[in-house]
Amino acid sequence: MVAEVEARYRRVLLKLSGEELSGEAGSGIDAAVLERTAAEIAQLLAIGVQVGLVVGGGNLFRGAALQAAGMDRITGDQMGMLATLMNALALRDALERKGLPAELMSALAVAGIAEPYDRRRAVAYLAAGRVVLFAAGTGNPLFTTDSAACLRAVEVGAEVVLKATKVDGVYSADPLIHRDAELYARLTYDQVLDGKLGVMDLAAICLCRDHGIPIRVFRMAKSGALLNIALGGSEGTLVGGD
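Summary of the structure given here. Numbering of residues starts from 1 in every chain and runs along the sequence as written. Given that the model is predicted, a residue must reach a pLDDT of at least 70 before its local features are reported, and side-chain atom pairs must reach 80 or more before they are shown or counted; all residues, however, enter totals for whole chains, interfaces and linings. Only hydrogens and water are removed before side-chain values are computed, so all heavy atoms of the structure are retained for them.

1. Considerations on a nonpolar patch on the surface
A grouping of Ile29, Leu60 and Met86 is seen on the molecular surface, where their side chains present a nonpolar patch of about 250 Å² in accessible area. Structurally, the position occupied by isoleucine 29 is in the loop between strand 1 (11–16) and helix 1 (31–46). Each residue's exposure class comes from its accessible area (1.4 Å probe, protein chains only) as a fraction of the maximum for that residue type: buried when under 20%, exposed when over 50%, partly exposed otherwise. On the basis of relative accessible area, isoleucine 29 is assigned to the partly exposed category, the value being 37%. Residues qualify for a patch when their relative accessible area is over 30% and they have no salt bridge, like charges being joined within 9 Å and the nonpolar side chains of Val, Leu, Ile, Met, Phe, Trp and Tyr within 5 Å. Areas reported here follow the Shrake-Rupley algorithm with a probe of radius 1.4 Å; residue values treat only the protein chains shown as occluding. Whenever Lys or Arg places a side-chain nitrogen within 4 Å of a carboxyl oxygen from Asp or Glu, that contact is recorded as a salt bridge. The helix count covers DSSP runs of H or I at least four residues long, the strand count covers runs of E at least two residues long, and both are numbered beginning at the N terminus.

2. A short note on the nonpolar core
Of all hydrophobic cores here, the largest spans 40 residues; its most connected members are Leu14, Ile41, Leu133 and Phe218. At the level of elements, strand 1, helix 1, strand 2 (50–55), helix 3 (73–97), strand 3 (102–106), strand 5 (131–135), strand 6 (160–165) and helix 8 (225–230) are the ones that each hand at least two residues to this core. When sequence neighbours within four positions are dropped, the list of residues in contact with isoleucine 41 reads Leu14, Val51, Leu53, Leu95, Val131 and Leu226. Within this scheme, the nonpolar core is defined by two criteria: the residues are buried Ala, Val, Leu, Ile, Met, Phe, Trp, Tyr or Cys, and they are joined through side-chain atoms within 4.5 Å. Counting residues in each nonpolar core, the second largest holds 27 residues, with Val132, Ala158, Ile213 and Val217 among its members. Contacts: residue pairs with any heavy atoms within 4.5 Å of one another.

3. Describing the sheet that holds strand 2
An order of 4-3-5-2-1-6-8-9-7 is seen for the 9 strands of this open sheet, with the pairing classed as mixed. Edge strands, defined here as strands with exactly one partner in the open sheet, are strand 4 (115–116) and strand 7 (186–187). Strand contacts of helix 1: strand 1, strand 2 and strand 5, with the helix running at about 150 degrees to strand 2, the strand carrying the most contacts. Note on pairing: two strands pair once DSSP finds at least 2 bridges between them. For helices, the fitted line uses only the C-alpha atoms of the stretch in contact; every axis is such a line through C-alpha atoms, and the angle between N-to-C directions lies from 0 to 180 degrees.

This is how it looks when you write it as structure tokens:
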């Protein structure tokens, strides 16, 4: 049953880092984090918000060290794409165990595990109230999952990209190192690019800027933050937008 509240957004694209799924361990997948994430997404579905989701793979594989040791960059990126698929499978399972309808689409062909990404089908799933998990990035090496998230947001008509992080938003410096770092409430796309603030990579920011899709950076571990954003709250930092 949809609650009698007015959601700020009709369709969102949630971007989770792989590290977000590892919890305090810093690697692997934390079952409690999966459970909490599914519960937060359930709150959005309950008020009629359509949810697309892209997850990274850094909790399972990071190719930087192997590439430094001589691994081919393309091979490393392909391994990273497979790691995102594993995370997406875990998230789909967590959602389905809560009785939430979810579909897994992959930019790489993995018959029997996920269906191939198809924009029109993805839009139909979202319109039907199903969570759509987009795995394997863009399907191409050299592109981050941040870029994949912004690309999918453009393709499926998401109204905002919700970038989950381990801190409260975008700061003037690393708040874990600099205690006097300033938390920005709002930034333009160009301020992010010119200041090299590290919200997302250049391609991702430019995609959202060129298509007018705002990015909200927030702390996913804060209980209720996702729902508050969906209802129009000012969690974290807003990049772009009205």
